[in-house]
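Survey of secondary and tertiary structure
For reference, the chains in residue letters:
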Amino acid sequence: MAKAARVLLTTLLAALLWTGGQAVAAPQEAAGRPLVATVLTYDASGSAEFASAVASGAAIWNESVTSVDLVPVQPGQRANIRIVADNGWPRAQTTSLGNGTVWMGRQAVDQGYNTVRIAAHELGHILGLPDIKPGPCSSLMSGSTAGVSCTNASPNSSERSRVESAFGGSLAVAAPATYLD
């Protein structure tokens with residue numbers, strides 16, 4: 001019965017995603033690995049000159065974790081993550097785990113911060129990670145405290161583990177939060 005329930009739940013989750021519903025974590029197998037990755041769609045149509053940095057940041061997360069897959073939204077589909085460019089400082093606001101808005105702020109770019117690192121860092125917030133300040137360059141979530149020379153856009157093992165845990169089948173819903181980096 002447990003296997004049938006998992007299959008039914010996975011089918012229902014997939015149907016929700018294809019019809020524009022919000023994503024939730026996938027159920028877990030006994031070995032602790034998700035049956036399927038949670039698909040989170042992002043809309044980067046408002047990211048202006050940062051579109052390629054956003055795509056690179058999403059690709060880094062896709063290569064770093066197995067429990068989440070960040071994909072561009074398809075026409076007519078509702079995005080989990082909206083990404084826009086503005087003249088302020090980069091920031092993210094979550095509405096729940098895996099859902100929210102990222103602002104690719106030109107202020108940090110004008111100061112010399114790496115755009116791919118900014119995108120991956122802000123997506124990390126949407127994936128449930130807090131800032132680690134102050135922090136070393138080896139920590140993606142150290143953000144601006146790592147300095148302008150830091151171009152590391154990859155999450156470290158602790159950051160990857162936290163995302164895997166958050167999306168590994170817990171059906172957890174994170175409280176809304178705003179991160180001003």
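Conventions adopted
Residues numbered from 1 in each chain as written. Predicted model: local features only at pLDDT ≥ 70, side-chain atom pairs only at ≥ 80, totals over all residues. Heavy atoms only, no water. Helix = DSSP H or I, 4+ residues; strand = E, 2+ residues; numbered from the N terminus. Buried < 20%, exposed > 50% of the residue type's maximum accessible area, 1.4 Å probe, protein only. Contact = heavy atoms within 4.5 Å. Areas by Shrake-Rupley, 256 points an atom, 1.4 Å probe, with all protein chains shown as cover. Pairing = 2+ DSSP bridges. Expected span 1.5 Å × (residues − 1). Arc of directions from axis to C-beta. Salt bridge = Lys/Arg side-chain N within 4 Å of Asp/Glu carboxyl O. Lys, Arg positive; Asp, Glu negative; His and termini not counted. pLDDT = per-residue confidence, 0-100. Phe/Tyr/Trp six-rings, centres within 6.5 Å; stacked < 30°, edge-to-face > 60°.

1. A short note on the overall build of the protein chain
On a plain count of helices and strands, the protein chain comes out with five helices and six strands. Every one of the 181 residues in the protein chain was classed for burial, and the buried ones make up 44%. Of the contacts formed within the protein chain by residues at least 6 apart in sequence, a portion of 61% connects residues at least 24 apart. Element-wise, carbon and sulfur atoms account for 58% of the exposed surface of the protein chain, whose accessible area totals about 8500 Å².

2. Topic: the pairing of strand β5 (residues 99-105)
Among the seven residues of β5, seven are classified as buried, and the element is accordingly described as predominantly covered. Going residue by residue along β5, you find Asn 99, Thr 101, Trp 103 and Gly 105 tucked away on one face and Gly 100, Val 102 and Met 104 tucked away on the opposite face as well. Bridge analysis of strand β3 (residues 81-86) against β5 gives six bridges, and the strand direction is parallel. Across the sheet, the residue bridging to Arg 82 is Thr 101, located in β5.

3. Structural notes on helix α2 (residues 51-64)
Between its first and last C-alpha atoms α2 spans 20 Å; for 14 residues at 1.5 Å apiece the expected length is 20 Å, and the two agree. Of the residues making up α2, those classed as buried are Ala 53, Val 54, Gly 57, Ala 58, Ile 60 and Trp 61. Burial along α2 is one-sided: seen end-on, the buried residues are contained in an arc of 150°. What points out from α2, more than 90 degrees from its buried face, is the exposed set Ser 52 and Glu 63. Buried-residue contacts for α2 involve β1 (38-46), β2 (68-72), β3, β5, α4 (115-126) and α5 (157-167).

4. With respect to the pattern of salt bridges
Applying the stated criterion across every chain yields a total of two salt bridges. With a closest N to O distance of 2.7 Å, Glu 49 and Arg 106 form a salt bridge. Residue Glu 49 is found in the loop between β1 and α2, and its partner Arg 106 is found in helix α3 (residues 106-110); the two are separated by 57 residues along the sequence. Between Asp 86 and Arg 91 there is a salt bridge, with the nearest N and O atoms lying 2.4 Å from each other.

5. A few points about the side chain of Arg 117
Among the secondary structure elements, Arg 117 is positioned in helix α4. Although Arg 117 is buried, it makes no salt bridge; Glu 159 carries the closest opposite charge, 7.3 Å away. What Arg 117 contacts, discounting residues up to four positions off in sequence, is Cys 137, Ser 139, Leu 140, Ser 142, Gly 143, Ala 146, Cys 150, Thr 151, Asn 152 and Ala 153.

6. Things to note about unusual backbone geometry
Cis geometry is adopted by the peptide bond preceding Pro 134, which originates at Lys 133 and carries an omega value of -10°. Looking at where Pro 134 falls in the secondary structure, it is placed in the loop between α4 and α5. Located in the positive-phi region is Ala 48, a residue other than glycine, with phi close to 50°. Structurally, Ala 48 can be placed in the loop between β1 and α2.

7. Digging into the confidence of the model for the protein chain
Any residue range with low pLDDT should be treated as having predicted coordinates unsuitable for detailed reading. Overall, the prediction assigns the protein chain a mean pLDDT of 84, with 73% of residues at 70 or greater. In this model residues 1-30 is a low-confidence stretch, pLDDT under 50, and it forms 47 contacts with partners more than four residues away in sequence or in other chains.

8. Observations regarding the packing of aromatic side chains
Summed over the entire model, instances satisfying the criterion amount to one aromatic pair. Relative to Tyr 113, the ring of Trp 89 lies with its centre 5.7 Å away and its plane at 80°, an arrangement referred to as edge-to-face. Of the two residues, Trp 89 is situated in the loop between β3 and β4 (91-96) and Tyr 113 in the loop between α3 and α4; the sequence distance between them amounts to 24 residues. Owing to a relative accessible area of 18%, Tyr 113 belongs among the buried residues under this scheme.

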